Amino acid sequence: MINNERMVVLVRQAKLGDAHSFAELYTDVYQDLYRTALYTLGNADDAENVVSDTVLDAYAGISRLYDEKKFRAWIFRILSNKCNRKIREYVKKREREAEQSIDDMAETLAAKGNAMEQAENKTLVQKAFSVLTDEEKKIVTLTIYGEYNSGEVAGLMNLNRNTVRSKYARALAKMRECLGGMALAQSN
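Calculation notes
Residues numbered from 1 in each chain as written. Predicted model: local features only at pLDDT ≥ 70, side-chain atom pairs only at ≥ 80, totals over all residues. Heavy atoms only, no water. Helix = DSSP H or I, 4+ residues; strand = E, 2+ residues; numbered from the N terminus. Buried < 20%, exposed > 50% of the residue type's maximum accessible area, 1.4 Å probe, protein only. Contact = heavy atoms within 4.5 Å. Areas by Shrake-Rupley, 256 points an atom, 1.4 Å probe, with all protein chains shown as cover. Expected span 1.5 Å × (residues − 1). Polar contact = N/O pair within 3.5 Å; in protein donor to acceptor, adjacent residues only side chain to side chain. Salt bridge = Lys/Arg side-chain N within 4 Å of Asp/Glu carboxyl O. Arc of directions from axis to C-beta.

1. A look at the overall build of the chain
Scanning the chain from terminus to terminus reveals 8 helices and 0 strands. Across the 188 residues that make up the chain, the buried fraction comes to 33%. Nonlocal contacts in the chain, meaning residues at least 24 apart in sequence, comprise 59% of its contacts between residues at least 6 apart. Surface exposure of the chain reaches about 11700 Å², of which carbon and sulfur atoms provide 50%.

2. Focus on helix H3 (residues 44–61)
Each turn of an α-helix holds 3.6 residues, which means side chains three or four residues apart point in the same direction. With 18 residues, H3 extends 25 Å from end C-alpha to end C-alpha; this agrees with the ideal 26 Å at 1.5 Å per step. Of all the positions in H3, only Asp46, Ala47, Val50, Val51, Thr54, Val55, Ala58 and Gly61 are classed as buried. Sitting at the amino-terminal end of H3 is Asn43, which places a side-chain oxygen 2.9 Å from the backbone nitrogen of Asp45.

3. Regarding unusual backbone geometry
The residue Asn158 is not glycine, and still its phi comes out positive at about 55°. Summarising the element assignment, Asn158 is placed in the loop between helix H7 (150–157) and helix H8 (161–187). Since its relative accessible area comes to 69%, Asn158 is described here as exposed.

4. Some remarks on the environment of Ile62
Relative to the helices and strands, Ile62 resides in the loop between H3 and helix H4 (71–111). Accessibility expressed as a relative area gives 2% for Ile62, which makes it buried. Placed 12 residues apart in sequence, Ile62 and Trp74 show a C-alpha to C-alpha distance of 9.4 Å. With sequence-adjacent residues up to four places away left out, Ile62 is seen in contact with Val11, Ala14, Lys15, Phe22, Leu25, Phe71 and Trp74.

5. So, the pattern of salt bridges
Considering all chains together, one arrives at 11 salt bridges under this definition. As a salt-bridge pair, Lys167 and Glu135 come within 2.5 Å of each other at their nearest N and O atoms. Linking Lys167 in helix H8 with Glu135 in helix H6 (residues 134–145), this pair joins segments that are 32 residues apart in sequence.

6. Describing H7
Of the residues making up H7, those classed as buried are Ser150, Val153, Ala154, Leu156 and Met157. Down the axis, H7 shows its buried residues gathered within 165° of arc, on one side only. Among the residues trailing H7, Asn158 stands out with phi positive, at a value near 55°.

Quick look at the structure:
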C-alpha cells in the first residue's frame, strides 16, 4: 500500500497527465475496488465491469480532485455510485420480469375458465397488485419472483430486514383484502 506522502505526489503527477502515476495509484487500489464491487454486486463479471468503468471515470476526472489526500475516498465514491446504478438495473430487470410473471400467472389462472372468466381473473390479479405502493411492489416482486430473502431485499433497497418482512406481510394482506373485496362485489 502506498504511503500518504507518495500518494499525494502520484495524484499531483496524475492530475498533470502522467499516466504512469495514475497506473501506480490504480494498482494500489484495484484489489480493494474489486473486492468491494464483488461483495456489493455478487457477480464477478459485473464487478469487473464496474471497476473498469470506475477507473476510466477516475482517470478522466482526476484533474477535478481537489484534495490529493482523499484519492482513495474519491475513487471509492465513484465505485459506490457505479455499484448503486448496477443494483438499480438489477431491480428494474427483476420488476420487468415480475410484471411479466404476474401477467403469465393471470393468464394461467384465466386459462382454466372461459374467455370471460379469463379476462376477469387477469384483471383481478392486476388490480390487486395495483393497490400496492411502489415500495411494496418492489418488495413483493423481489421476494416472490426474484426469490430473494428478506435480508437480500433489505440490502438492495437499503432497508432493515425486519422492515422488509413487515412491509411484505402488509402488502400480501392488502392484496388479499383487495381480492376478497372484488370477489364479494362480483357475487352481488
